Amino acid sequence: MQKKENRGQPMVLTSGSIKKQLVLFSIPIFLGALLQQLYNVIDAVVAGRLVNEDALSAIGVSVPIYLLFVSVILGLAIGITILLAQFFGAKQFEQIKSLISTMSIFLLVLGLMMAFCGAILAKPLLQIT
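Residues numbered from 1 in each chain as written. Predicted model: local features only at pLDDT ≥ 70, side-chain atom pairs only at ≥ 80, totals over all residues. Heavy atoms only, no water.

## Details of the overall build of the chain
Helices and strands together make up the secondary structure of the chain, namely 3 helices and 0 strands. Element order for the chain, N to C, with α for helix and β for strand: α-α-α. Against the globule reference of 14 Å for 129 residues, the chain gives a C-alpha radius of gyration of 20 Å, more extended than a compact globule. Over its C-alpha atoms, taken along the principal directions, the chain stretches across nearly 55 × 30 × 20 Å. (Helix = DSSP H or I, 4+ residues; strand = E, 2+ residues; numbered from the N terminus. Rg over C-alpha atoms; globule rule 2.2 N^0.38 Å.)

See the structure below:
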């Protein structure tokens, strides 16, 4: 845990104990992955047992399409973190604020466009197989 006087301050990963910093940095990533896997298991159980086998098959068929959308957003997010790290290392905090606001708007618009395209193209894409 961080001391009370450090709350609200950014976590500096470039100084201090490397092991402690890695553990603190990896906890949210681990918890996010764990929750995603729990969601997938619960989704499969609900679809397979409470609906029918066709529903479970539909989930399996749609996963590659879902992963395509997630991969695009994840790739952009990884690129953004590179710029963020460079600005942070150069202590260009105004650039960081600008980057975060610009990328937040861009990713929101991209997400809405992908949702719209997904809604329109879902049926044709699923009928390919």
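That was the structure; now back to the text.
## Section: the pattern of salt bridges
One pass over the full model with this rule turns up 1 salt bridge. Between Lys 97 and Glu 94 there is a salt bridge; the shortest N-O distance is 3.8 Å. Highlighted residues: Lys 97 and Glu 94, both in helix α3 (residues 93–127), separated by 3 residues, approximately one helical turn. For the pair shown, Lys 97 and Glu 94 are each scored as exposed. (Salt bridge = Lys/Arg side-chain N within 4 Å of Asp/Glu carboxyl O. Buried < 20%, exposed > 50% of the residue type's maximum accessible area, 1.4 Å probe, protein only.)

## Observations regarding the confidence of the model for the chain
Per-chain confidence: the chain averages 83 in pLDDT, with 91% of residues scoring 70 or above. Mean pLDDT across the secondary structure elements of the chain bottoms out at helix α2 (residues 53–89), with 84, and peaks at α3, with 88. (pLDDT = per-residue confidence, 0-100.)

## Some points on the packing of helix α1 (residues 18–51) against α2
Look at α1 against α2: their axes get within 8 Å of each other, and the N-to-C directions meet at 145 degrees. Contacts from Gln 36, Asp 43, Ala 44, Ala 47, Gly 48 and Val 51 in α1 reach Ala 55, Leu 56, Ile 59 and Tyr 66 in α2. Residues of the contact of α1 with α2, tallied by class, amount to 7 nonpolar, 2 polar and 1 charged. (Axes fitted to C-alpha atoms, helices over the stretch in contact; angles between N-to-C directions. Contact = heavy atoms within 4.5 Å. Nonpolar A, V, L, I, M, F, W, Y, C, P; charged D, E, K, R; others polar.)

## Topic: the environment of Ala 58
Here Ala 58 shows up in helix α2. For Ala 58 and Gly 48, which are 10 residues apart along the polypeptide, the C-alpha to C-alpha distance reads 10 Å.

## As for a nonpolar patch on the surface
Together, Val 23, Ile 27, Phe 30, Leu 31, Leu 34, Leu 35, Leu 38, Ile 42, Val 46, Leu 50 and Val 51 make up a nonpolar patch on the protein surface, roughly 1,100 Å² of accessible area in all. Mapped onto the elements of the fold, Val 46 is located in helix α1. (Patch = residues over 30% accessible without salt bridge, like charges linked within 9 Å, V, L, I, M, F, W, Y side chains within 5 Å. Areas by Shrake-Rupley, 256 points an atom, 1.4 Å probe, with all protein chains shown as cover.)

## Description of the packing of α2 against α3
Following both chains from N to C, one finds α2 and α3 inclined at 170 degrees, their axes separated by 11 Å at the closest point. If you check the angle between α2 and α3, you find them roughly antiparallel. (Parallel < 35°, antiparallel > 145°, perpendicular 65-115°, else oblique.)

## Section: α1
When the terminal C-alpha atoms of α1 are compared, their 48 Å separation across 34 residues agrees well with the 50 Å that a helix rising 1.5 Å per residue should span. Largest kink in α1: about 30 degrees, centred on Ser 26, with the proline Pro 28 one to four residues after it. (Expected span 1.5 Å × (residues − 1). Bend = angle between axes of the 7 residues up to and from the residue.)

## Observations regarding unusual backbone geometry
Of note in the backbone geometry, Lys 91 takes a positive phi value of approximately 55 degrees without being a glycine. Mapped onto the elements, Lys 91 comes out in the loop between α2 and α3.

## Re the environment of Ile 73
Mapped onto the secondary structure, Ile 73 falls in helix α2. Along the sequence, Ile 73 and Gln 95 sit 22 residues apart, while their C-alpha atoms lie 22 Å from each other. When residues no more than four places from it in sequence are discounted, the contact partners of Ile 73 are Leu 107, Leu 110 and Met 114.

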